[in-house]
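# Structural overview
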Amino acid sequence: MNAVLIDGKAHALALRQRVAGAVKQLYTAHGLQPGLAVVLVGDDPASQVYVRNKARQCEEVGLLSLEHRLPATIALPALLDLIAQLNADPLVHGVLVQLPLPAGLSEAAVINAIHPDKDVDGLHPVNAGRLCNGQGFLVPCTPVGCALLIRSVRPDMAGLHAVVIGRSNLVGKPIAQLLLAANCTVTMAHSRSRDVPALARSADILVAAVGRPGFVRGDWIKPGAVVIDVGINRVPAPTADDPSKTRLVGDVAFDEALAVAGFITPVPGGVGPMTIACLLRNTVIAACGARGITLPLGL
Ligand code: NAP
């Protein structure tokens, strides 16, 4: 029997529509237009594509979108100055500095300089602490997207065993916190864990955030489990016409997993589309927080 696909594209579209409705409501009732400032340092091609997509999706849902492009040679103090200006700008409710930064610029210094209440990436230590303490406010976007997808197929997660492979600040740790908050029993696995396949086999909910193509094999999956594949890995897929062709694959051996899992996210089209949708949602959350307004229903 094949697993049911969790359609991240459809969920992301529905979330963007809810965000657009909330933005309209905030403007009508409070004259508030949530604003997101995105800072791009350098000319990394993948980052340029991400930033362009963020700006387009911001505009589509009615958010104010501001973009700052800086040369890779910028010195850290100048970058921190810009962040201080954005922290003080009342039109800006969310500040996002596109990562990775060019070599030589400290990501920690930049993340820590963003005001925690404008930190729509949710990476500031204050927001990590809020999440751990059960006071989650601005939570990293990809983990929130994963949690929404899991909730769509397992509305009650109480008592389920969730295994998260990967412990990055960006993905693994916040997902584990969200699953704990949803009353799962959570196990975190990483490169020093013993017998990751056995840990994975005990999971009702398995989240793979490793960055290794096809790392999770079909026989690591408990029959019927919910499998969330966060990985985005570009691998060679040469054709006769184009020997340099590549394609995106996840951290899960998809065809093998499909035959065992109950529900699974595809790559692409699973977790990926949720990330920007959750960024838009975080911008609305930040704007409501700044003005002391209750978050509109549906978000
Ligand atoms: P990361 O910072 O490189 O973290 C990878 C994690 O995997 C680490 O905790 C590492 O353990 C663990 N790991 C590595 N090899 C392992 C092994 N053999 N066994 C068990 N654990 C192992 O990566 P990340 O930023 O979390 O991203 C993970 C993946 O998600 C990447 O493919 C990335 O492209 C993708 N991603 C997707 C989105 C999206 O929007 N869909 C967003 C962000 C990231 P140690 O801590 O012990 O080294």
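First, a word on scope: everything that follows refers to the structure included in this document.

What counts as what
For every chain, the first residue of the written sequence is number 1, and numbering continues from 1 along that sequence. With the structure being a predicted model, the display of local features is reserved for residues of pLDDT at least 70 and the display and counting of side-chain atom pairs for 80 or more, all residues being used for whole-chain, interface and lining totals. As a convention, hydrogens and water are excluded, and side-chain values are obtained from all of the structure's heavy atoms. Each cavity reported here is a set of points on a 1 Å grid over the protein atoms alone in which a 1.4 Å probe fits but cannot get out, each pocket an open set with protein on both sides within 12 Å along at least five of seven lines, and each lining residue one with an atom within 4 Å of a point. Grid points are joined across faces, edges and corners, and a volume is the space filled by probe spheres set on the points. Only DSSP runs of H or I covering at least 4 residues are called helices, and only runs of E covering at least 2 are called strands; the numbering of each starts at the N terminus. Three classes are used, and their members are as follows: Ala, Val, Leu, Ile, Met, Phe, Trp, Tyr, Cys and Pro are nonpolar, Asp, Glu, Lys and Arg are charged, and the others, Gly among them, are polar. Relative accessibility under 20% of the residue-type maximum defines a buried residue, over 50% an exposed one, and the middle range a partly exposed one, all with a 1.4 Å probe and only protein chains included. Whether two strands pair comes down to DSSP finding at least two bridges between them. Should any heavy atoms of two residues lie within 4.5 Å, those residues are counted as being in contact. Fitted lines through C-alpha atoms serve as axes, helices being fitted only where they are in contact, and the angles separating the N-to-C directions of these axes extend from 0 to 180 degrees. One heavy atom suffices: a residue is near a molecule or strand as soon as one of its heavy atoms comes within 4 Å of it. Definition of a polar contact: a pair of N or O atoms within 3.5 Å, with one able to donate and the other able to accept a hydrogen when the atoms are protein atoms, and with sequence-neighbouring residues admitted only if both atoms are side-chain atoms. Here the Shrake-Rupley method, with its probe set to 1.4 Å, supplies the accessible areas, and only the displayed protein chains count as covering residues.

### Describing empty space enclosed by the protein
- Within this structure, the stated rule accounts for one cavity of 30 Å³ or more.
- Looking at the largest cavity, its volume works out to about 70 Å³.
- Lining the largest cavity, in full, are Val95, Leu96, Val97, Leu99, Val110, Ile111, Ile114, Asp119, Asp121 and Leu123.
- Among the elements of the structure, strand E4 (94-97) and helix H4 (107-113) are those that each provide at least two residues to the lining of the largest cavity.
- Here the lining of the largest cavity gets three residues from one element, more than from any other, and that element is E4.
- Per-class residue counts for the lining of the largest cavity are eight nonpolar, no polar and two charged.

### Some thoughts on unusual backbone geometry
- In this structure, Pro100 follows Leu99 across a cis peptide bond, with omega equal to 0°.
- The residue Pro100 is located in the loop between E4 and H4 in this model.
- Positive phi values are uncommon outside glycine, yet Asn183 reaches one of about 70°.
- Mapped onto the elements, Asn183 comes out in the loop between helix H7 (172-181) and strand E6 (185-189).
- Under the relative-accessibility criterion, Asn183 is labelled exposed at 51%.
- Residue Asp195 is not a glycine yet carries a positive backbone phi of 50°.
- Here Asp195 lies in the loop between E6 and helix H8 (196-201).

### Some remarks on the sheet that holds strand E8 (residues 226-229)
- With respect to topology, six strands assemble into an open sheet ordered E1-E11-E8-E7-E5-E6, the strand pairing being parallel. Only two strands of the sheet have a single neighbouring strand rather than two, namely strand E1 (4-5) and E6.
- In this sheet, E6 lies alongside strand E5 (residues 161-165) in parallel orientation, the contact comprising five bridges. Residue pairing for E6: Ile165 is matched across the bridge by Ala189.
- Its contacts with the sheet place H7 against E5, E6 and strand E7 (205-208), and it is angled at close to 165° to E6.

### Here's the deal with the site of the ligand
- Within the structure, the ligand sits among 21 residues, and Arg167, Ser168, Ser191, Ile232 and Thr275 are positioned closest to it.
- Here an oxygen atom of the ligand sits 3.1 Å away from a polar atom, N or O, in the main chain of Ile232.
- When isolated, the ligand has an accessible area of 930 Å², and the protein chains bury 71% of it.
- Along the lines of polarity and charge, the residues of the shell around the ligand split into nine nonpolar, 10 polar and two charged.

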